[in-house]
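Chain and residue survey
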Amino acid sequence: TYGVDLDFLPATTTASVNILEEFETSGDPNPFTTQLMIKTDQDGVLISVFNIQGNIIYDRVLNQSMSINTSEWTEGVYFVRLQTQSGVNTFTVIK
């Protein structure tokens, strides 16, 4: 259909998809000033915070919740990535 010829694929071709568990995350307050509270429902979560240029400015292991001192961060947009063995959550926060 749609002019695509799939006859070149062997009959035994399979595709696998890893199903990732979702997990709860939050960052409060948003926007923030001197402190950012990160919360998740899992332990051993790798947290990385990136600035708008893509530089990692914070990188730690998080157990359920953590307050980050952000007093030396410049005003702007930040991307918070929380990673576990089962998945990745990313959200945006503003200072």
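Heads up: the structure comes first, above all this text.
Source: prediction; values computed, not measured.

An order of β1-β2-β5 is seen for the 3 strands of this open sheet, with the pairing classed as antiparallel. Since the sheet does not close on itself, it has two edges, and those belong to β1 (25-28) and β5 (65-69), each with one partner. Taken pair by pair, the neighbouring strands of this sheet meet at an average axis angle of 15 degrees, ignoring direction. Judged from the 5 bridges that link them, strand β2 (residues 35-40) and β5 form a sheet pairing that is antiparallel.

A few words now on the environment of I56. Tracing the chain through its elements places I56 in strand β4 (residues 56-62). For I56 and V80, which are 24 residues apart along the polypeptide, the C-alpha to C-alpha distance reads 9.7 Å.

Parameters and conventions
- Residues numbered from 1 in each chain as written.
- Predicted model: local features only at pLDDT ≥ 70, side-chain atom pairs only at ≥ 80, totals over all residues.
- Heavy atoms only, no water.
- Pairing = 2+ DSSP bridges.
- Helix = DSSP H or I, 4+ residues; strand = E, 2+ residues; numbered from the N terminus.
- Axes fitted to C-alpha atoms, helices over the stretch in contact; angles between N-to-C directions.

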